[in-house]
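Below are the chains, spelled out letter by letter.
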Amino acid sequence: MGQMTLWGSSSSRVLRVHWALIELGLEYKSMPIGSRTGETETAEYGDLNPRRKIPTFQDGDLVLTESAAIVTYLAETYGTPERSLIPTVQPARAKYFEWLSFVSMELDATSLYVLRRHEGLQHIYGDAPAANKGAREYFDKMIKASVRDIADGHRFLLGEQFTGADICMTTIVDWAERYECPLPAEWLAYRERVRERPSYAAAMAANQPPG
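This is a predicted model, so every value here is computed, not measured.

The rules behind the values
Residues numbered from 1 in each chain as written. Predicted model: local features only at pLDDT ≥ 70, side-chain atom pairs only at ≥ 80, totals over all residues. Heavy atoms only, no water. Helix = DSSP H or I, 4+ residues; strand = E, 2+ residues; numbered from the N terminus. Contact = heavy atoms within 4.5 Å. Pairing = 2+ DSSP bridges. Axes fitted to C-alpha atoms, helices over the stretch in contact; angles between N-to-C directions. Buried < 20%, exposed > 50% of the residue type's maximum accessible area, 1.4 Å probe, protein only. Polar contact = N/O pair within 3.5 Å; in protein donor to acceptor, adjacent residues only side chain to side chain. Salt bridge = Lys/Arg side-chain N within 4 Å of Asp/Glu carboxyl O. Parallel < 35°, antiparallel > 145°, perpendicular 65-115°, else oblique. Nonpolar A, V, L, I, M, F, W, Y, C, P; charged D, E, K, R; others polar.

Positionally, Asp108 belongs in helix 4 (residues 92-120). Residues in contact with Asp108, not counting those within four places in the same chain, are Arg13, Arg16, Val103, Tyr113, Ile172 and Trp175.

What follows deals with the sheet that holds strand 4 (residues 62-64). In space, the 4 strands of this open sheet follow the order 2-1-3-4, with mixed pairing throughout. With partners counted over all chains shown, the strands left at the sheet margins are strand 2 (29-31) and strand 4, one partner each. Averaged over all pairs of adjacent strands, the angle between strand axes in this sheet comes to 15°, irrespective of strand direction. Of the pairings in the sheet, the one linking strand 1 (residues 4-7) to strand 3 (residues 56-59) comprises 4 bridges and is antiparallel in character. Paired with Met4 across the strands is Asp59, a residue of strand 3. Seen against the sheet, helix 1 (residues 12-23) touches strand 1, strand 2 and strand 3 and runs at an angle of roughly 155° to strand 1. The strands touched by helix 3 (residues 67-78) are strand 1, strand 3 and strand 4; relative to strand 3, the strand with the most contacts, the crossing angle is about 25°.

It is worth spelling out the environment of Asp108 at this point. Assessed through its relative accessible area of 4%, Asp108 is described here as buried. A polar contact of 2.6 Å, which involves the side chain of Asp108, links it to the side chain of Arg13.

Take the pattern of salt bridges next. Here the structure, examined in full by the defined rule, presents 15 salt bridges. As a salt-bridge pair, Glu23 and Arg197 come within 2.8 Å of each other at their nearest N and O atoms. In this pair, Glu23 is assigned in helix 1 and Arg197 in the loop between helix 8 (185-195) and helix 9 (198-206), connecting sequence segments 174 residues apart. The buried category is assigned to Glu23, whose relative accessible area is 11%. Given a relative accessible area of 24%, Arg197 falls into the partly exposed group. When salt bridges with common partners are traced through the structure, they connect Asp174, Glu177, Arg191, Glu192 and Arg195 into a single cluster.

With that settled, consider the packing of helix 1 against helix 3. Interaxial distance between helix 1 and helix 3 falls to 9 Å at its minimum, and their mutual angle equals 5°. Relative to helix 3, the element helix 1 is oriented roughly parallel. Two secondary-structure elements touch here, helix 1 through Arg13, Arg16, Val17, Ala20 and Leu21 and helix 3 through Ser67, Ile70, Val71 and Leu74. Here the contact of helix 1 with helix 3 is composed, by residue class, of 6 nonpolar, 1 polar and 2 charged.

This is the structure we're talking about:
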């Protein structure tokens with residue numbers, strides 16, 4: 001397409017995009033702006049992303065603003081047999097999208113983002129003890145229910161192939177730990193397997209704000 005640019009830093013969702021870019025060996029420009037710092041309120045950024053959130057990813061004239069969609073776009077557009085982040089055949093491809101939906105909706109939006117808003121950002125969104133309690137209980141139910149899907153001896157969510165779904169799921173496990181959500185041993189062991197990839201450490205470093 002063209003010059004790739006990633007806007008954002010210090011966010012689990014931005015980390016996902018750094019990680020996918022690094023896994024695929026792609027060159028890109030990083031614009032490490034932060035959420036709620038005023039950096040997303042400029043006219044330039046508003047033209048690029050009217051929602052004024054991060055991440056925003058540019059590939060030539062294409063602009064994408066949802067992390068799971070960006071990871072999948074990169075996987076489908078730039079993956080190779082040697083560096084592939086998405087299955088090309090069924091049923092593995094269907095399972096990829098199932099995991100991506102589960103991560104994005106059941107674990108992120110329905111659970112952890114509630115805690116992010118009403119525990120981490122009370123000064124903006126207000127305190128909501130009942131919502132936080134419900135979010136924690138729902139996360140606990142969903143994360144325990146999904147243990148069976150990884151208790152089959154495989155390294156990753158889709159067997160032995162590391163994919164964008166693993167990128168998104170690992171950020172969820174990290175995020176849940178920061179909010180002190182109990183995590184089954186199977187998910188912690190899974191996270192440690194994924195963390196062994198050099199790309200994880202590289203993405204974590206790339207996601208840091210400028211010092």
